[in-house]
Amino acid sequence: MKAKWFRVFSLVLVLAVAISAIGPAFAQSGNGGGLSKHDRALLAEAIVNGRPTVTLLVASAPGANNRVASGIQNLGGTLRYREDDISYISAIVPTDKVEAVASLSGVESLDLNEVIPLEDPRPDPEGVVGIIPQPAPGAGTSRVNPYMPTQDIGAAQFVDANPAWDGRGVTIGIVDTGVPLDHPSLLTTSTGERKIVDWVTGTDPFSDNDPTWVNMQSQVTTAGDGTFTFTYVNSTVVVNPGPPPTTTFPTATVTETFTAPTAGTYRVGTIDEHDSRLGGEVGRDLNRDGNPAGTRGVFAVLWNADTGTVWVDTNQNNNFADDMAMTDYKVNFDVNYFGVDNPATAVAERMPFVVQTDGKNKFVNIGIVSGAHGSHVAGIAAGNSLFSGAMSGAAPGAKIVSLRACLFIAGCTATALFEGMIYVAKQSNVDVINMSIGGLPALNDGNNTRAILYDRLIEQYNVQMFISAGNSGPGMNTVGDPSVATRVMSVGAYITDDTYLAAYGAQLYEDDNLHYFSSRGPREDGGFKPNVVASGAAISTIPTWQPQGCLAQTCPVGYALFNGTSMAAPQAAGAAALLVSAAQQAGIQHQPAQLRQAMSSSTRYLAGRYQAYEQGNGLLDVGAAWGLLTTNIKTVNIRSSVPVNTILSGFLATPGVGVGINDREGVLVGQSYTRQYTFVRTDGPGGTINYNLSWVDNDGTFSSAGSIALPKNTPVTLPVTINPTGSGAHSAILNLDDPSTAGIEYQTMNTVIAADQFVGPDYSLSKSGSLGPGQFESYFFYVPPGTPAFKVDMTGGGGTGLGAIRFLRWHPWGLPIDSNAVSNCYNGTSTPPFTCSTGSPTSRTVTNPQAGVWEVTVDARRNSDAVSAPFTLTASILGATVEPNPDVIASATIGTPIAR
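Residues numbered from 1 in each chain as written. Predicted model: local features only at pLDDT ≥ 70, side-chain atom pairs only at ≥ 80, totals over all residues. Heavy atoms only, no water.

A.B. asks: Is there a simple way to explain the pairing of strand E7 (residues 196-201) in this structure?
C.D. replies: The two faces of the sheet receive side chains in turn, since in a regular strand these alternate between them. With 5 of 6 residues buried, E7 is to be regarded as a mostly interior element. Direction of pairing for E7 relative to strand E20 (residues 399-404): parallel, over a ladder of 5 bridges. Each residue of the ladder has a partner; that of Val200, found in E20, is Leu403. (Buried < 20%, exposed > 50% of the residue type's maximum accessible area, 1.4 Å probe, protein only. Helix = DSSP H or I, 4+ residues; strand = E, 2+ residues; numbered from the N terminus. Pairing = 2+ DSSP bridges.)

A.B. asks: For this particular structure, what's the right way to read unusual backbone geometry?
C.D. replies: For residues other than glycine, phi is negative in most cases, and the peptide bonds are mostly trans. Pro243 connects to Pro244 through a cis peptide bond whose omega is -15 degrees. The linkage connecting Lys529 with the following residue, Pro530, adopts the cis geometry, with an omega of -10 degrees. Mapped onto the elements, Pro530 comes out in the loop between strand E25 (512-514) and strand E26 (532-535). Its identity as a non-glycine residue notwithstanding, Phe333 has a phi of 60 degrees, on the positive side. One can find Phe333 in the loop between helix H6 (329-332) and strand E17 (336-338). In this structure, Ser385 takes a positive phi of about 60 degrees despite not being glycine.

A.B. asks: How do you make sense of the pattern of salt bridges when you look at a structure like this?
C.D. replies: Oppositely charged side chains can form a pair if their charged atoms are brought close together. Within this structure, the stated rule accounts for 26 salt bridges. Here Lys426 makes a salt bridge to Glu83, at a shortest N to O gap of 3.0 Å. Linking Lys426 in helix H8 (residues 414-427) with Glu83 in strand E2 (residues 78-83), this pair joins segments that are 343 residues apart in sequence. Glu193 serves as the salt-bridge partner of Lys399, at 3.2 Å between the closest nitrogen and oxygen. (Salt bridge = Lys/Arg side-chain N within 4 Å of Asp/Glu carboxyl O.)

A.B. asks: What is the right way to look at the sheet that holds strand E31 (residues 662-667) in this model?
C.D. replies: Think of a sheet as strands paired side by side through backbone hydrogen bonds, with each pair either parallel or antiparallel. With mixed pairing, the 5 strands of this open sheet are ordered in space as E31-E38-E37-E33-E35. Strands with a single pairing partner mark the edges of an open sheet, and in this sheet they are E31 and strand E35 (707-710). On average, adjacent strands in this sheet sit at an angle of 25 degrees to one another, irrespective of strand direction. Bridge count between strand E33 (residues 689-696) and E35: 4 bridges; the pairing is antiparallel. Within E35, the residue paired with Asn690 across the bridge is Ala709. (Axes fitted to C-alpha atoms, helices over the stretch in contact; angles between N-to-C directions.)

A.B. asks: Teacher, can you tell me more about the side chain of Ser778 here?
C.D. replies: Residue position: Ser778 is located in strand E41 (residues 776-783). Side chain to side chain, Ser778 and Glu855 meet in a polar contact 2.9 Å long. With residues near it in sequence (within four places) discarded, Ser778 still touches Pro474, Tyr613, Glu855, Val856 and Thr857. (Polar contact = N/O pair within 3.5 Å; in protein donor to acceptor, adjacent residues only side chain to side chain. Contact = heavy atoms within 4.5 Å.)

A.B. asks: Please explain the sheet that holds strand E46 (residues 869-878) as it appears in this structure.
C.D. replies: Spatial strand order, E40-E46-E42-E44: 4 strands in an open sheet with antiparallel pairing. The open sheet is flanked by strand E40 (764-771) and strand E44 (843-847), the only strands paired with a single partner. For this sheet, the mean inter-axis angle between neighbouring strands, taken without regard to orientation, is 15 degrees. Looking at chain direction, strand E42 (residues 789-795) and E46 are connected through 7 bridges and run antiparallel. Across the sheet, residue Thr795 finds its bridge partner in E46, namely Thr872.

A.B. asks: Looking at this structure, I do not really get the environment of Asn827. What am I missing?
C.D. replies: Along the polypeptide, Asn827 turns up in the loop between strand E43 (805-810) and E44. Separated by 28 residues in sequence, Asn827 and Gly799 place their C-alpha atoms 8.1 Å apart. Once residues lying within four places of it in the same chain are set aside, the contact partners of Asn827 are Met794, Gly796, Gly797, Gly798, Gly803, Ala804, Ile805, Pro841 and Thr842. A polar atom in the side chain of Asn827 sits 2.7 Å from the backbone oxygen of Gly796.

This is the structure:
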């Protein structure tokens, strides 16, 4: 995959400087006390750039919205959105008043608006050698297949056994780049009903810099014949001769005459397809004509605000009388097109669009997809009859609400991800929501504004969210926000050897695999993330105006292979749609907490190669989850707290305390110690409930009593003895199970790192192993304070038959130093040769490293040409300045000055 989630080391340095400057205030994330470290960095950026105002997204304490709103206005802020049901406000605030807003009584948390990068899920073909060609899927492909592997989680089998429980009666909200309105597999459900029942743009017309919001402030009154004049800025394509030829889009102000459908008063505006903000996959070409020289860019838009009718001059003839009359999609399901398709070509030379009217602010939105991401996600969750055959997404009977939250180049805006999610959850009456968007903050503890509000939305509107865990792995503590929200189902990426071969043309040698890039847990506070895993690769639907994008075969237009946790989350959302569909028809309870408990308690744990912190509960199983759901699952709220020890644990909401054991620092092999949990049951019957305690995938590191009795609202302590007998990561799930009810009532993730320690005289450690394609290993090293340099060397791979392998480094905060992109840093045969953006594939050094536990992973490329590639990894701490990077550096005794 093309990684866009990783944070390079420069970010680590910036945040380190910010922490040292901020001091104790860094720890606070609202609560009337201050800003998080990430928002302080955003605020500093706004100040440096001279921005007079910023947009704040505020989670008030329950019931405090009025007080907070008044406080913001008293500080000179302007309210732009509020939702009292979940105590949320967004406001435009003077930059110098942000700290004051954060300190207002009633502010629980706040975030600064920003653009969240959107991952590119296309498998990166750069340097790939040895692809084994595979047949393409088609009309004859069965429902159970390795291309759209919904059978991995039992979804295909569930539908085959229960044809009427295929998602019918259920609506899935897709918060993403938008779902195309003309793909054959996204037009109708399995029962022939309309698939997409609502299509909206969630970006803000004022603050999000989205060119599809057309300003309709201009008002015109026509002459008796319906004509009027309008002055606007037009762009024209100019192709300059090369070499190489270049295309430019000069603009000029013009006044022209237009004809309305009838005489009257209208609002008028324009959208310019050559607007640079319409780049990215759209390529500044809405009508898909290739932008030949002399082409005008502007499409005029006419709006009768009284009737809500909109006309778009799609043929650019200045006559709206021959254009389609449209209104908001959910009213009449109006779909129009830019461009005219040439049936002689495979790719569509036209782009579908809808309109959306904003009478309050006098804007019209031209609703187009901003990329293929949301299309692909929708096909996995609910695509029906892909390739006109039996191959389908997880829930082909489900309907879709499409919410575009993403721009065309930069990513997705925080306002759209907040307020678009509110629209989908509250106003669109969806049953399940998928969002395959997020990022990796340094403190991924689930305590920021978005995570708090998503938890509230789930409870307030009884709709379960499924969000991708992130593609920043395989390092520990890389799970992304907002999947870290407590009630969100965070989904990691699984893949079988069958799908690897069918989709990538690569041969693995293990049935069960996690994608190396799938983000790992735990949360910074030890929170249980990811919750589950599902298949993270599929050939699915993309817009028909884009060429096919398969890797091991040529697919028809409208289909592509994408991979990532972005593909795993919609498979899980589709699984939930099946369960809700079945429950609705069978009269079974299916509240969000019941869904979560049924799905989490019925997984297949991937024992052996992967630990609990990597996979959560393991692989989803729809049939087993349905078996639990039919018992009318009884859920209960239990809270846990326990001391944790990481570099950032002092910056948690309660410093040094989390919800699960997470001791990355201070753990030594063979040295036993005790952590004391506190559990509180906050609902259920008034008496005492006895819970059986069990440890899943415990290698002997953790031990505790076998049961615990929890009265209501009374804290109960549980000592846990920790004694790692070997170096590396040790993790296990602690289950609290009431044997009288179905499913596991409460779980905690428990992770400790017994890091290798450097000792003299050479202060060097070596690790050896052997990796097959797609496999990886992790090693942990403690770097003491004051270390001048941390150096990693690797031997292995590098030649034909020797395999393509690499190492990646991970800061003690859990942030990556090296890109995990599939074309980066491998030591192996490729055409063109692999590059390494942070140094050499075989040797890299960090100067003045952060003291703490560093992780180094070694992985073999999926197309590695060795069944088993041996390697040796050597980590050293050194005492010399490194310039250039890397270099040969003499070793020195820690704490002893060296000559320069």
